[in-house]
Amino acid sequence: MENSNKNLDFSQLTTLTVSIENHIAHIQLSRPEQLNSMIPEFWHELPETVRRIDHESAARVIVISALGKHFSAGMDLSVFTQMAKDFSGEPARRAERLRRSVLELQDSFNALEQVRMPVLVAAQGGVIGGAVDMICAADCRYCTQDTYFTIKETEIGMTADVGTLQRLPHLIPQGLVRELAFTGRNWSAEEAMAQGFVNKVFEDQESMLDAVMKIAQKIAMNSPMAVAGCKEMINYTRDHSVQDSLTYMATWQSGMFQMPDIQEAMASQQQKRMPQYAELLDKSSMMTNK
């Protein structure tokens, strides 16, 4: 594992492997023998990892991929077993506890939206159940020809509750969302590409990762301030009116529009060299210095 930031050590992770090089953080789901199913540890390790990268400004782009034949089989049965133990006791208190559990799971994928840098997902094979919730929260999605997506929760007697039904209607047509959710059928890479859910389909994982890393490199060449602003504005306008979004853009720009990065961009183009931008400041608290 390569790590360009001395403050970060991901060697203790049990479900992920992480490397950071040339401003790109590569997070891999690393339980291929178990189809990268999402065991309890995963739900803590993923958000903690992306938030630590963001907190330290350790990368400008995050790429998430997976080892093995399948991207992820979704929620591991051990999570359901653990949650089932809470189905006892006084109904209101039991329900309040379950609600907090669902919000905790949702927060694991909210982290992908909340970090300042773009998150690119490169998937192969099955993207099932909770894995669909996960990739819906990413900024860009890429996959191989053999990839299929399944809102599997419906087929096991529950409603998907970790983000698919909230994010997917912003990504593909409503009628298709409803069909996929109501039926739980497999959704092919070809169909996902046709509907704009994925940016591109590749022949195999090797060619996919090579291409996605090149996209990440292109992103990393740009001002991290400008890229973070793009992500902030695109996420905001998804959930607000055009006028509200324009007003927020003007307010943002009144503080964030400064000349150093613009001058560096222009100078590097004139001098035919790579631009050199300062990293975003880390997210240490002014109150605790942490």
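What you are looking at is a predicted structure, and each value in this text was computed from that prediction instead of being measured.

Cut-offs applied
- Residues numbered from 1 in each chain as written.
- Predicted model: local features only at pLDDT ≥ 70, side-chain atom pairs only at ≥ 80, totals over all residues.
- Heavy atoms only, no water.
- Salt bridge = Lys/Arg side-chain N within 4 Å of Asp/Glu carboxyl O.
- Helix = DSSP H or I, 4+ residues; strand = E, 2+ residues; numbered from the N terminus.
- Buried < 20%, exposed > 50% of the residue type's maximum accessible area, 1.4 Å probe, protein only.
- 1 Å grid on protein atoms, 1.4 Å probe; cavity = no way out; pocket = protein on both sides within 12 Å on 5 of 7 lines; lining within 4 Å.
- Points joined across faces, edges and corners; volume = space filled by probe spheres on them.
- Nonpolar A, V, L, I, M, F, W, Y, C, P; charged D, E, K, R; others polar.
- Pairing = 2+ DSSP bridges.
- Axes fitted to C-alpha atoms, helices over the stretch in contact; angles between N-to-C directions.
- Contact = heavy atoms within 4.5 Å.

Draft legend 1. Inspection of the pattern of salt bridges at higher detail. Summed over all chains, the structure comprises 15 salt bridges. A salt bridge links Glu-279 to Arg-60; the shortest N-O distance between them is 2.7 Å. Highlighted residues: Glu-279 in the segment after helix H11 (259-271) and Arg-60 in the loop between helix H1 (40-55) and strand S3 (61-66), separated in sequence by 219 residues. For Arg-60, a relative accessible area of 8% corresponds to the buried category.

Draft legend 2. View of the layout of surface pockets. Approximately 680 Å³ is the volume attributed to the largest pocket. Met-225, Ala-226, Gly-229, Trp-252 and Met-256 are the residues nearest the centre of the largest pocket, which is lined by 30 residues in total. Where the lining of the largest pocket is concerned, the elements lending two or more residues are helix H3 (91-114), helix H9 (224-239), helix H10 (242-256) and H11. Of the residues assigned to the lining of the largest pocket, the class counts are 16 nonpolar, 7 polar and 7 charged.

Draft legend 3. Inspection of the sheet that holds strand S9 (residues 200-202) at higher detail. Taking strand neighbours across the sheet as the criterion, the 6 strands line up as S1-S2-S3-S4-S6-S9 in an open arrangement whose pairing is mixed. Edge strands, defined here as strands with exactly one partner in the open sheet, are strand S1 (16-21) and S9. Each neighbouring strand pair of the sheet contributes to a mean axis angle of 20 degrees, computed without reference to strand direction. Of the strand pairs in this sheet, S1 and strand S2 (residues 24-29) are connected by 6 bridges, and their pairing is antiparallel. Following the sheet pairing, Glu-21 is matched in S2 by Ile-24. Relative to S1, H1 is tilted by about 10 degrees, and along the sheet it contacts S1, S2 and S3.

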